[in-house]
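Spelled out, the chains give:
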Amino acid sequence: MSTWRFGHITDIKSAEEEDRELAKIEMVTRLKAPVREVFSYIADFRTLQDYNPSVLRVDPIGDGPPAVGGRYVVTLSMFGRTIRPVLTIPEMRKNELIATRLDAFIPAIEKRLFAASGNEPEFVFRIEFSSRWPILGPPVDAILVKLFAERQAQTEVRLLEKHFNERNDQSRQCDENR
């Protein structure tokens with residue numbers, strides 16, 4: 001079962017965001033798989049389109065495994081249009097955190113946090129963004145949270161739950177039937 005929260009925050013700031021608020025949506029759930037398996041799956045950006053229906057394609061810029069500084073061209077279908085923003089990894093800690101920055105019309109930071117609790121990690125998915133528009137920014141950001149970010153977060157978490165939880169529930173049922 002997942003939970004979600006949204007609103008404006010000012011406590012998570014980078015140097016360039018010092019003077020503005022970020023809109024935020026956050027979903028929390030438990031996934032029935034070891035944290036290293038969940039982290040590996042999500043860190044492989046080729047799987048992004050499996051749990052984010054807006055993603056049509058992900059192409060790495062350069063070679064090598066995902067790491068801080070890694071960049072990808074993400075082909076998205078948003079608001080009836082196809083766009084190709086660049087996704088950058090500003091922060092990554094194995095089995096703990098994957099942070100990505102999407103440089104699009106309205107830049108967004110997505111954080112996927114993993115906390116081990118026995119064999120089932122708690123997974124937190126957070127989207128933070130700011131249009132940076134004077135005066136109109138906060139109301140526009142609030143509308144975007146409701147129209148897009150909330151739905152994206154709910155869908156991503158639901159599809160990850162389906163991928164990890166239903167598969168493991170089916171494995172347990174097979175084991176019990178033996």
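These numbers were taken from a predicted model, which means no experiment stands behind them.

### Concerning the layout of surface pockets
Taken as a whole, the largest pocket holds about 510 Å³ of empty space. If you trace the largest pocket, you find 26 residues lining it, with M78, F79, A104, I106 and F148 closest to the centre. Those elements giving two or more residues to the lining of the largest pocket turn out to be β4 (71-78), β5 (81-83), β7 (97-103), β8 (108-117), β9 (120-129) and α3 (137-177). Broken down by element, the residue count for the lining of the largest pocket peaks at 4 residues, all from α3. When the residues that make up the lining of the largest pocket are grouped by side-chain class, the tally is 18 nonpolar, 4 polar and 4 charged.

### Notes on the environment of F79
Along the chain, the position of F79 falls in the loop between β4 and β5. By relative accessible area, which is 61% here, F79 ends up exposed. Along the backbone, F79 and F148 are 69 residues apart, and their C-alpha atoms lie at a distance of 9.1 Å. Ignoring anything within four residues of it in the chain, the contact list for F79 reads L144 and F148.

### Let's talk about the packing of aromatic side chains
For the structure shown, the criterion picks out 5 aromatic pairs. Measuring from centroid to centroid gives 5.9 Å for Y41 and Y51, while their planes differ by 40°, and the two rings are tilted. Here Y41, found in helix α1 (residues 35-43), pairs with Y51, found in helix α2 (residues 48-51); they are 10 residues apart in sequence, far enough to count as distant. Taken together, a centroid distance of 5.5 Å and an interplanar angle of 50° make the contact between F114 and F123 tilted. The exposure class assigned to F123 is buried, which follows from its relative accessible area of 1%. Connected via pairs of aromatic rings, a cluster forms that spans F39, F114 and F123.

### A closer look at the pattern of salt bridges
Throughout the structure, instances matching the rule amount to 10 salt bridges. Notably, a salt bridge pairs R93 with E91, separated by 2.5 Å at the nearest N-O pair. You can call E91 partly exposed: its relative accessible area is 31%. With a shortest N-O distance of 3.1 Å, D103 and R101 are connected by a salt bridge. On the basis of relative accessible area, D103 is assigned to the partly exposed category, the value being 34%.

### A short note on the confidence of the model for the protein
Here the protein shows a mean pLDDT of 80. Residues at 70 or above account for 81%. Of all helices and strands in the protein, the one with the weakest mean pLDDT is strand β1 (residues 3-9) (41), whereas strand β6 (residues 86-93) scores best (95). In the model, residues 1-19 has pLDDT below 50 throughout and makes 47 contacts with residues more than four positions away in sequence or in other chains.

Definitions and cut-offs
- Residues numbered from 1 in each chain as written.
- Predicted model: local features only at pLDDT ≥ 70, side-chain atom pairs only at ≥ 80, totals over all residues.
- Heavy atoms only, no water.
- 1 Å grid on protein atoms, 1.4 Å probe; cavity = no way out; pocket = protein on both sides within 12 Å on 5 of 7 lines; lining within 4 Å.
- Points joined across faces, edges and corners; volume = space filled by probe spheres on them.
- Helix = DSSP H or I, 4+ residues; strand = E, 2+ residues; numbered from the N terminus.
- Nonpolar A, V, L, I, M, F, W, Y, C, P; charged D, E, K, R; others polar.
- Buried < 20%, exposed > 50% of the residue type's maximum accessible area, 1.4 Å probe, protein only.
- Contact = heavy atoms within 4.5 Å.
- Phe/Tyr/Trp six-rings, centres within 6.5 Å; stacked < 30°, edge-to-face > 60°.
- Salt bridge = Lys/Arg side-chain N within 4 Å of Asp/Glu carboxyl O.
- pLDDT = per-residue confidence, 0-100.

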